[in-house]
Amino acid sequence: MSARSQSILPEVITGLFVAAVIALLAFFTIVISGVDLLRGRHRAVREARFDHVGALKVQDPVHVRGMKVGSVQALRLGDGCVIATLTLDADVPLRADATVAVAQTSVLGGTCLEINQGASPDPLPPGAAIPGKPARDVMKELGELVGDLRQAFEPADVRALLANLKTASEDIADLTARLRRGDGLLGKLMSPQDNTYADLKDTLANLNGLTGDLRLVAQDLRDGKGLLGKLLREDDATYDDLKGTLANLRAATANLNDPSHGIGRLLAGDSPLVADLETVAANLKDVSVKLNEGQGTLGRLVNDDALAREAEAAVKDVRQIIDNMRDTAPITTFTSLFFSGL
Amino acid sequence: MTLTREPIEGPVAAAVAAVGRTARLTAAALAGLPAALFRRDCRATFLRQLYLIGIGSLAVATVVALFTGMILGLQLGIAFRQFSQELMVAFTLSYAMLREMGPFMTGIILAACVGSSMAAQLGTMTVNEEVAALEMMSVDPIRFLVVPRLWAMTLMAPILSFYTCVIAFLGGALVGYTQLNIPFLQFIGQVMEAAEPKDLYVGLLKAAVFGVLISGISCAVGFATTQGAAGVGASTRRAVILSFLAILVGGYFITRFFYVF
């Protein structure tokens, strides 16, 4: 390396460093001034009119549905309003009824503009100002809220509230004490000495078993097992049979109700058989009455024990006579033959 | 302006006289900008000083800025994490570095690295009567020695300050990415979103003023050196201490001027 090169090397290094830092400084300045060099998107300039912008300032972001789409370029006083010049991404669609509102980015501070794109079918004409909604003064609203609370809670109300709170806390203490002692169902459930929990557990186990059985029954029904299952199946012969049986029953019932048929006529009371049956019934009734009153031979026989005994004795006598006759018949016959032969 | 002086009785009067002498020296050096740019001998010294101040301090400035950014990022992150506001680290770091920490750290580094060197060099020349020899040869020591140093420091301090800020942002972003789960580019984007042109340029102006103060004090203290090698050492120490004080006091008043009035 020549002496001249060595002498200018520090100068070159210094020059490169200074140039690099100045270039970075220029880039930084351009970016923080609001020029979007990094994204390289096309920008559109819009104006918004506000009655009051609150703490809004230049370079504050502009959001659409939470997405940053631009920034506030300038703020100036107009005729009874504040006019904010906004630079927005050119591809953000704005409708004729679009509005813009000053919003807070966090409770710690910071403001931004929130654009409502609108729902009108017509687009926002070029150069038209977006109507702005007034900024919400959170501190003022908080102050009003505190005032309202102060008015709502008079000292007497606060005392009553405190008394209620005290009562509630005592109730809670009593409740927890009862639970600790094992009183009541909850206490029993929480008590390790009580069997309620075990019983409940057994009951639940039984219920689980029952549920399993029901599941099996349902499965059987689904599979078409049993009468119900067969009935529930759509294409089954049992259903058809039952249907036929019901049709037959319906036909039989119709026949019964039809006076033109014999049974129907019988049920309707139009048949001579009915009159005959009535006559027979009357006769039978008459006979039974006479029998009960002991009229006639049969009635006396039924109601009079002495007659019955006499009849029984007469039968016995007749049987005796017949037996005697049977015993003497050969002798008689022999005698007859003997004497006939003589 | 002659650099030869008579001893002044009394510490207060001596202090006031030292302040006045420093102010006159600084004003004369500031007025000598054309000489630094257009006179060949001055220009060579000027370029040499730019290299010494800028490139010579670069390594120290890089390490200090990187770790300052990382420390700030970590401490602020720990604090903001309690409120789930980790992203506020980028905002806070941007404000802190651009407004105050960048120029302040650059001033401290330059005072320690370059200011002490200036005071030692000029003090040695003074006790060796090289400055007196220059005056005898009708060479203005201010134009020949002070103007290139002061203007080199004044021009290089803002550049180093901005460089310090950028490195600190990178350090903060590194900590944000590794410790706070903030994406690197998002952190840098938040830093840029938080940065205001006023903060940036007031910080650069502050660094330039610090450069003037450091070089003016160091040169004045160096020219006031007496008593041989021991005096050179004392002048070096005094130059660093006075530069630190000037940076702190000057920084406060500049901040007050631009952000309160």
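Residues numbered from 1 in each chain as written. Chains lettered and ligands numbered in written order. Predicted model: local features only at pLDDT ≥ 70, side-chain atom pairs only at ≥ 80, totals over all residues. Heavy atoms only, no water.

### As for the overall build of chain B
No. 1: Helices and strands together make up the secondary structure of chain B, namely ten helices and zero strands.
No. 2: Listing each helix as α and each strand as β along chain B from the N terminus yields α-α-α-α-α-α-α-α-α-α.
No. 3: Burial analysis of chain B (261 residues in total) assigns 48% to the buried set.
No. 4: Taking as baseline every contact in chain B between residues at least 6 positions apart, the subset at least 24 positions apart corresponds to 82%.
No. 5: When the accessible surface of chain B is totalled, it reaches about 12100 Å², and 69% of it is carbon and sulfur. (Helix = DSSP H or I, 4+ residues; strand = E, 2+ residues; numbered from the N terminus. Buried < 20%, exposed > 50% of the residue type's maximum accessible area, 1.4 Å probe, protein only. Contact = heavy atoms within 4.5 Å. Areas by Shrake-Rupley, 256 points an atom, 1.4 Å probe, with all protein chains shown as cover.)

### Here's the deal with the pattern of salt bridges
No. 1: Taken as a whole and assessed by the stated rule, the structure comprises ten salt bridges over all chains.
No. 2: Where D60(A) meets K57(A), a salt bridge forms, and the shortest distance between an N and an O atom there is 3.3 Å.
No. 3: On the basis of relative accessible area, D60(A) is assigned to the buried category, the value being 6%.
No. 4: Among the residues examined, K57(A) registers a relative accessible area of 41% and is labelled partly exposed.
No. 5: K68(A) is paired through a salt bridge with E193(B); the nearest N and O atoms lie 4.0 Å apart. (Salt bridge = Lys/Arg side-chain N within 4 Å of Asp/Glu carboxyl O.)

### Side note on the interface of chain B and chain A
No. 1: Residue-level contacts link 23 residues of chain B with 19 residues of chain A.
No. 2: When the two sides are added together, the surface that chain B and chain A hide from each other amounts to roughly 1900 Å², 84% of it contributed by carbon and sulfur.
No. 3: When the area that chain B buries against chain A is broken down by residue, the three leading residues are I159(B), F162(B) and M192(B), summing to 31%.
No. 4: Viewed at the interface, chain A and chain B are joined by one salt bridge.
No. 5: Run the count over chain B and chain A and you get one residue pair in polar contact (both at pLDDT 80 or more).
No. 6: Ranked by residues supplied to the side of chain B that touches chain A, first place goes to helix α7 (residues 141-179) of chain B with seven residues.
No. 7: Grouping the amino acids of the side of chain B that touches chain A by side-chain chemistry returns 19 nonpolar, one polar and three charged. (Buried area = accessible area lost by both parts, 1.4 Å probe. Polar contact = N/O pair within 3.5 Å; in protein donor to acceptor, adjacent residues only side chain to side chain. Nonpolar A, V, L, I, M, F, W, Y, C, P; charged D, E, K, R; others polar.)

### Focus: the nonpolar core
No. 1: Ranked by size, the top nonpolar core spans 68 residues in total, and within it F17(A) and F28(A) carry the most contacts.
No. 2: Among the elements that make up this core, the one with the highest residue count is α7(B) (20 residues).
No. 3: Sequence-distant contacts of F28(A), that is, excluding residues within four places in its chain, are made with L98(B), F162(B), F169(B), M192(B), A195(B) and L200(B).
No. 4: Counting residues in each nonpolar core, the second largest holds 21 residues, with V72(A), L88(A), V102(A) and I130(A) among its members. (Core = buried A, V, L, I, M, F, W, Y, C linked by side-chain atoms within 4.5 Å.)

### Observations concerning the packing of aromatic side chains
No. 1: One pass over the full model with this rule turns up five aromatic pairs over all chains.
No. 2: Measuring from centroid to centroid gives 5.6 Å for F17(A) and Y163(B), while their planes differ by 75 degrees, and the two rings are edge-to-face. Linking F17(A) in helix α1 (residues 3-32) with Y163(B) in helix α7, this pair reaches from one chain into another.
No. 3: The class of F17(A) is buried, set by a relative accessible area of 10%.
No. 4: Judged by relative accessible area, Y163(B) falls into the buried class, the value being 18%.
No. 5: Measuring from ring centre to ring centre gives 5.2 Å for Y252(B) and F253(B), while their planes differ by 75 degrees; the resulting arrangement is edge-to-face. (Phe/Tyr/Trp six-rings, centres within 6.5 Å; stacked < 30°, edge-to-face > 60°.)

### Details of the environment of M67(A)
No. 1: Position of M67(A) among the secondary structure elements: in strand β3 (residues 67-77).
No. 2: Between the alpha carbons of M67(A) and E114(A) there is a distance of 9.3 Å; along the sequence they are 47 residues apart.

### Considerations on a nonpolar patch on the surface
All names here are of chain A.
No. 1: On the surface, a cluster of nonpolar side chains totalling about 900 Å² of accessible area is made up of V138, M139, L142, L145, L149, F153, V158, L161, L162 and L165.
No. 2: Residue assignment for the nonpolar patch shows that the elements contributing at least two residues are α2 (138-152) and α3 (155-181).
No. 3: Take the nonpolar patch: its biggest share by element is five residues, from α2.
No. 4: Relative to the helices and strands, L145 resides in helix α2.
No. 5: The class for L145 is partly exposed, based on a relative accessible area of 46%. (Patch = residues over 30% accessible without salt bridge, like charges linked within 9 Å, V, L, I, M, F, W, Y side chains within 5 Å.)

### Side note on empty space enclosed by the protein
All names here are of chain B.
No. 1: The full count for this structure, using the stated rule, is two cavities of 30 Å³ or more.
No. 2: For the second largest cavity, the calculated volume is near 30 Å³.
No. 3: Forming the boundary of the second largest cavity are L98, P103, S161, F162, C165, L200, G203 and L204.
No. 4: Mapped onto the lining of the second largest cavity, the elements with two or more residues apiece are α5 (88-127), α7 and α9 (197-223).
No. 5: The residue inventory of the lining of the second largest cavity, partitioned by class, reads six nonpolar, two polar and no charged. (1 Å grid on protein atoms, 1.4 Å probe; cavity = no way out; pocket = protein on both sides within 12 Å on 5 of 7 lines; lining within 4 Å. Points joined across faces, edges and corners; volume = space filled by probe spheres on them.)

### Comments concerning unusual backbone geometry
Glycine aside, residues mostly have negative phi angles, and peptide bonds mostly take the trans form.
Residue and element names in this part refer to chain B.
No. 1: Residues other than glycine seldom take positive phi values, yet E129 does so here, at roughly 60 degrees.
No. 2: Positionally, E129 belongs in the loop between α5 and α6 (130-136).
No. 3: Residue E129 is classed as exposed on the basis of its relative accessible area, which comes to 57%.
No. 4: A positive phi angle is found at N181, which is not glycine, with a value near 60 degrees.
No. 5: Within the secondary structure, N181 is located in the loop between α7 and α8 (184-194).

### Here's the deal with α5(B)
No. 1: Of all the bends in α5(B), the greatest measures close to 60 degrees and is centred on M97(B).
No. 2: E129(B) sits one or two residues past α5(B) and shows a positive phi near 60 degrees. (Bend = angle between axes of the 7 residues up to and from the residue.)

### Examining the sheet that holds strand β1 (residues 43-50) of chain A
Residues and elements named next belong to chain A.
No. 1: Sheet architecture is closed into a barrel: seven strands sit in the order β1-β4-β3-β2-β6-β5-β7, paired in mixed fashion. Within the sheet, the average angular offset between the axes of one strand and its neighbour, ignoring direction, is 35 degrees.
No. 2: In the sheet, β1 pairs with strand β4 (residues 82-89) via eight bridges, with the strands oriented antiparallel. Looking at the pairing, R49 lines up with I83 of β4. (Pairing = 2+ DSSP bridges. Axes fitted to C-alpha atoms, helices over the stretch in contact; angles between N-to-C directions.)

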